[in-house]
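Report on the structure
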Amino acid sequence: MGSAHQEQIKQFQSLMEDVDQSLKQTFKNMHQGYPTETLVRFLKARDWNVQKAHKMLVECLQWRIQNDVDNILAKPIIPTELYRAVRDSQLVGLSGYSKEGLPVIAIGVGLSTYDKASVNYYVQSHIQMNEYRDRVVFPAATKKYRKYIGTCLKVLDMTGLKLSALNQINLMTVITTIDDLNYPEKTNTYYIVNAPYVFSACWKVVRPLLQERTKKKIQVLQGCGRDELLKIMDYSSLPHFCRKESHGSSRHNGNGTMNNCFSLDHDFHQQLYNYIKQQAALVDSSSPVRQGSVHVKFPEPDPEDNKIVVTIESELHRLGHQNGIHHC
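In this report, the structure presented in the accompanying data block is examined.

The rules we used
Residues numbered from 1 in each chain as written. Predicted model: local features only at pLDDT ≥ 70, side-chain atom pairs only at ≥ 80, totals over all residues. Heavy atoms only, no water. Pairing = 2+ DSSP bridges. Helix = DSSP H or I, 4+ residues; strand = E, 2+ residues; numbered from the N terminus. Axes fitted to C-alpha atoms, helices over the stretch in contact; angles between N-to-C directions. Contact = heavy atoms within 4.5 Å. Core = buried A, V, L, I, M, F, W, Y, C linked by side-chain atoms within 4.5 Å. Buried < 20%, exposed > 50% of the residue type's maximum accessible area, 1.4 Å probe, protein only. Salt bridge = Lys/Arg side-chain N within 4 Å of Asp/Glu carboxyl O.

The next point concerns the sheet that holds strand β1 (residues 92-97). An order of β1-β2-β3-β4-β5 is seen for the five strands of this open sheet, with the pairing classed as mixed. Strands at the two margins of the open sheet, each flanked by one partner only, are β1 and β5 (218-220). With direction set aside, neighbouring strand axes in the sheet form an average angle of 25°. Pairing analysis gives five bridges linking β1 to strand β2 (residues 103-108), with the strands arranged antiparallel. Among the inter-strand pairings, Leu-94 is bridged to a residue of β2, identified as Ile-105. Strand contacts of helix α6 (residues 119-145): β1, β2 and β3 (152-157), with the helix running at about 5° to β1, the strand carrying the most contacts.

This part takes up the nonpolar core. Core analysis: the largest hydrophobic core is formed by 64 residues, its most contacted members being Ile-127, Val-155 and Leu-229. With nine residues, α6 is the largest single contributor of residues to this core. When neighbours within four sequence positions are excluded, Val-155 is seen to be in contact with Val-104, Ile-105, Ala-106, Ile-107, Tyr-191, Val-193, Leu-229, Pro-239, Phe-241 and Cys-242.

Under the counting rule described, the total for this entry stands at 15 salt bridges. When the shortest N-O distance is used, the salt bridge between Lys-186 and Asp-134 registers 3.4 Å. One end of the pair, Lys-186, is in the loop between α7 (169-182) and β4 (187-193); the other, Asp-134, is in helix α6, and 52 residues separate them in sequence. A salt bridge links Arg-213 to Glu-185; the shortest N-O distance between them is 2.9 Å. Pair noted here: Arg-213 is in helix α9 (residues 212-215) and Glu-185 is in the loop between α7 and β4, with a separation of 28 residues, a long-range link. The buried category is assigned to Glu-185, whose relative accessible area is 16%. Salt bridges sharing common partners tie together Asp-47, Glu-185, Arg-213 and Lys-217.

See the structure below:
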């Protein structure tokens, strides 16, 4: 935090002193002992405009209260078979840490089908992983590496990306909007690997629409990206889909499910799921955990983000017509 922005930070801190107590409480739960760093994230997301950053943060805190996000880690997706189905169709996991101590989040973009449960379960699971990252993973990394860690790296596997991705674009927009508005500036760099032609075609038309700040965070790597990623992390932290030169399945590359960070059998997901069940037991040990998804209010996407979505849809339709494929 350079001295050039100290005045904006002070103004933001002053504005936050005037919010009501309920907002202050959820802000405390959110910042995990690092209020200034949290304010800086929102300032960065709004190009250091204090009024816009304040509006964004207040709306975020209101969203948290309205949707009881502070307690979402006490609401497990049950039964286990249902949660396994979510994990098998929403491919996300923690593969390890960079040499700088940043968590490495792997995402199987191309092979995520989102077809085993309702939209609400996928959104609930996504928010739970965000909250577990912020409340458990980041604090543990901060302690281990003896420096504040509040951002992660994301490795996006495009293996299997097809024109049918058009069917999932609405859900992906919901998830992206939730992240943009309520978890801004949490990702240091996005690494794109195993990119097929359909991604390259979409990237060509989307890239000019992105803000310069966002463009700088995205790196499209050659092939599975192994050699480039090994410069910033050890082999043991490489996502399983980056460990071979050949293009392989996000789901099945690596030595079984234990090395597949998307699998419910992987250490990360076991720890996450057990943590949520333990929190549920602490909240109400007298009654069984209630089944059913958490219904979160979906925020409206930013007009600029809508423009990007429309552009992607248009390009996918163009490619479909070009290849004689028609979408319903």
